[in-house]
Amino acid sequence: MAERKPVRVLVVDDSALMRRLITSILSSDPEVEVIGAVNDPFAAREKIKELNPDVITLDVEMPRMDGIAFLEKIMSLRPMPVVMFSSLTREGADVTLRALELGAVDFLTKPDGALQIGLAERQAEIIAKVKAAARSRVRQMPLPSKTAVRCGPYSPDRIIAIGASTGGVEALNHILRAMPADSPGIVITLHMPPKFTASFARRLDDVCAVKVKEAQSGDVVLPGHAYIAPGHAHLRIRRSATNYVCIVEGNDRVNGHCPSVDALFFSAAEQAGPKAIGVILTGMGRDGADGLLAMRTNGARTLGQDEASCVVYGMPKVAFQRGAVEAEIALADMAGQIMALLSGEGRRKPATSRHSHEIFSNSRDAK
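Computed from a predicted model, the values in this text were never measured in an experiment.

Quick word on the overall build of the protein
Part 1 of the reasoning: Looking only at helices and strands, the protein features 12 helices and 14 strands.
Part 2 of the reasoning: A compact globule built from 367 residues should have a C-alpha radius of gyration of about 21 Å, and the protein, at 21 Å, falls within 12% of that.
Part 3 of the reasoning: Its C-alpha atoms give the protein principal-axis dimensions of about 60 × 45 × 35 Å.
Part 4 of the reasoning: At a minimum sequence separation of 6, the contacts of the protein that also span at least 24 residues come to 72%.
Part 5 of the reasoning: With an accessible surface of roughly 15400 Å², the protein has 50% of that area assigned to carbon and sulfur atoms.
Part 6 of the reasoning: With 45 positive and 42 negative side-chain charges, the protein shows a separation of 4 Å between the mean positions of the two kinds.

Considerations on the environment of valine 9
Part 1 of the reasoning: By the secondary structure assignment, valine 9 is in strand β1 (residues 7–12).
Part 2 of the reasoning: Those residues in contact with valine 9 that sit more than four places away from it in its chain are Leu26, Val32, Glu33, Val34, Ile35, Gly36, Val55, Thr57 and Val130.

Comments concerning the sheet that holds strand β2 (residues 32–38)
Part 1 of the reasoning: The 5 strands are arranged β2-β1-β3-β4-β5 in an open sheet whose pairing can be described as parallel. Each edge of the open sheet carries a strand with a single partner, namely β2 and β5 (106–109). Across the sheet, the mean angle separating the axes of adjacent strands is 20 degrees when strand polarity is ignored.
Part 2 of the reasoning: Where β1 and β2 come together, 6 bridges link them in parallel fashion.

Some remarks on unusual backbone geometry
Glycine aside, the phi torsion of most residues is negative, and most peptide linkages are trans.
Part 1 of the reasoning: Between cysteine 258 and proline 259 the backbone carries a cis peptide bond, its omega angle lying at 5 degrees.
Part 2 of the reasoning: Assignment of secondary structure puts proline 259 in the loop between β11 (243–249) and α9 (261–271).
Part 3 of the reasoning: Of note, asparagine 52 is a non-glycine position whose phi angle comes to about 50 degrees, a positive value.
Part 4 of the reasoning: Residue placement: asparagine 52 occurs in the loop between α2 (41–51) and β3 (55–59).
Part 5 of the reasoning: One non-glycine residue, alanine 241, lies in the positive phi region at around 55 degrees.
Part 6 of the reasoning: Looking at the element boundaries, alanine 241 is found in the loop between β10 (234–240) and β11.

Details of the layout of surface pockets
Part 1 of the reasoning: Looking at the second largest pocket, its volume works out to about 240 Å³.
Part 2 of the reasoning: Lining the second largest pocket are Pro41, Phe42, Arg45, Ile48, Lys49, Met65, Phe70, Lys73, Ile74, Leu77, Arg78 and Met80.
Part 3 of the reasoning: At the level of secondary structure, the elements contributing two or more residues to the lining of the second largest pocket comprise α2 and α3 (67–77).
Part 4 of the reasoning: Here the element with the most residues in the lining of the second largest pocket is α2; it accounts for 5 residues.
Part 5 of the reasoning: Residues belonging to the lining of the second largest pocket are distributed by class as follows: 8 nonpolar, no polar and 4 charged.

With respect to the packing of α3 against helix α4 (residues 90–102)
Part 1 of the reasoning: Direction vectors running N to C along α3 and α4 enclose 5 degrees, while the axes themselves pass 10 Å from each other. Classified by the angle their axes make, α3 and α4 are roughly parallel. Facing α3, whose interface residues are Ile68, Leu71, Glu72 and Met75, α4 presents Val95, Arg98, Ala99 and Leu102.
Part 2 of the reasoning: Its residues assigned to classes, the contact of α3 with α4 comprises 6 nonpolar, no polar and 2 charged.

Considering the nonpolar core
Nonpolar side chains in soluble globular proteins tend to be buried together.
Part 1 of the reasoning: The biggest cluster of nonpolar side chains holds 62 residues, and the ones touching the most others in it are Met84, Met179 and Ile338.
Part 2 of the reasoning: It is helix α12 (residues 331–342) that provides the largest number of residues to this core, a total of 7 residues.
Part 3 of the reasoning: Ignoring anything within four residues of it in the chain, the contact list for isoleucine 338 reads Ile160, Ile175, Met179, Ile277, Val279 and Leu303.
Part 4 of the reasoning: In this structure, Ile159, Leu264, Ala269 and Leu292 belong to the second largest nonpolar core, which totals 34 residues.

Some thoughts on the packing of aromatic side chains
Part 1 of the reasoning: Counted according to the given criterion, the structure contains 1 aromatic pair.
Part 2 of the reasoning: On the basis of an interplanar angle of 5 degrees and a centroid distance of 5.0 Å, the ring pair of phenylalanine 107 and phenylalanine 196 is categorised as stacked. Residue phenylalanine 107 is found in strand β5, and its partner phenylalanine 196 is found in helix α8 (residues 196–207); the two are separated by 89 residues along the sequence. Phenylalanine 196 shares its class with phenylalanine 107; the two are buried.

Calculation criteria
Residues numbered from 1 in each chain as written. Predicted model: local features only at pLDDT ≥ 70, side-chain atom pairs only at ≥ 80, totals over all residues. Heavy atoms only, no water. Helix = DSSP H or I, 4+ residues; strand = E, 2+ residues; numbered from the N terminus. Rg over C-alpha atoms; globule rule 2.2 N^0.38 Å. Contact = heavy atoms within 4.5 Å. Areas by Shrake-Rupley, 256 points an atom, 1.4 Å probe, with all protein chains shown as cover. Lys, Arg positive; Asp, Glu negative; His and termini not counted. Charge placed at Lys NZ, Arg CZ, Asp CG, Glu CD. Pairing = 2+ DSSP bridges. Axes fitted to C-alpha atoms, helices over the stretch in contact; angles between N-to-C directions. 1 Å grid on protein atoms, 1.4 Å probe; cavity = no way out; pocket = protein on both sides within 12 Å on 5 of 7 lines; lining within 4 Å. Points joined across faces, edges and corners; volume = space filled by probe spheres on them. Nonpolar A, V, L, I, M, F, W, Y, C, P; charged D, E, K, R; others polar. Parallel < 35°, antiparallel > 145°, perpendicular 65-115°, else oblique. Core = buried A, V, L, I, M, F, W, Y, C linked by side-chain atoms within 4.5 Å. Buried < 20%, exposed > 50% of the residue type's maximum accessible area, 1.4 Å probe, protein only. Phe/Tyr/Trp six-rings, centres within 6.5 Å; stacked < 30°, edge-to-face > 60°.

Pasting the structure below:
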């Protein structure tokens with residue numbers, strides 16, 4: 001068997017200390033090779049032409065040209081996997097979300113305190129994200145639908161639970177922009193740090209027909225509303241008569257994550273059962289697979305994003321392999337398939353291929 005070539009990384013950061021620390025961390029893994037470290041986009045442009053890296057780590061704030069402007073040029077002229085480094089501030093969150101919308105695969109936040117200690121504590125995460133970026137699919141994302149899908153009649157106690165990680169910002173943007181204002185309530189867990197989730201909710205709320213907010217404990221899950229787990233705690237739901245209520249609590253890590261998709265999905269399995277629809281989107285790792293299987297076992301309809309439209313086909317793949325996914329759906333079709341299930345246009349079949357039309361039909365037995 002041929003030996004796997006190391007992931008070749010170009011580090012772009014105006015701080016000499018950051019360049020040295022990132023290089024040291026990445027070089028500690030034999031499967032990663034730092035082939036260059038430069039201090040601005042102009043030097044980076046020449047290194048990209050010369051060295052053809054597999055992945056770029058890119059600072060947001062740099063002299064002469066900021067990271068966002070440079071990212072825009074990269075993605076329009078020579079698309080490649082980019083992992084952004086940004087600050088843990090609201091401004092940093094807004095800029096990072098813009099970078100993800102432009103096509104950056106993922107991001108890492110700079111520590112608030114001692115830089116060297118903070119980065120060293122996250123060594124495994126930094127290496128894992130760079131490796132995942134090297135395996136990701138960098139391409140033009142499908143344009144968000146300008147027209148919301150139609151929502152047929154549905155029981156008032158229906159609920160939609162969605163989980164995502166790497167690539168989830170654009171995937172959720174695409175789905176929620178297509179959801180109609182009269183859709184059932186939607187609860188979402190996305191792997192994202194504090195402050196970033198609030199900024200993400202605000203950005204979505206500006207462009208979606210549904211109202212989008214960061215979830216708070218006690219929020220009643222209303223039709224036409226979407227609730228995103230805050231970056232510091234798990235989001236679960238509790239049944240209350242014909243309604244569901246958001247429960248936001250706990251900062252323990254589940255599958256290495258807080259918030260965790262499994263935490264949300266297990267609560268949906270228990271509290272909503274067959275009234276729920278579970279959707280697992282792009283992301284690395286296995287978070288959400290067991291919870292989605294519990295949802296399906298308890299009668300929920302379950303969908304997974306297909307491999308071709310995922311940035312990282314990790315979470316949906318594990319869920320599919322475990323039998324948790326009833327059908328794998330292209331991102332462009334996901335909102336429409338959710339609505340089809342709500343209006344009864346679908347019959348249950350065993351989890352099988354990645355072709356949605358083999359799963360769904362025009363029967364009316366799924367209300």
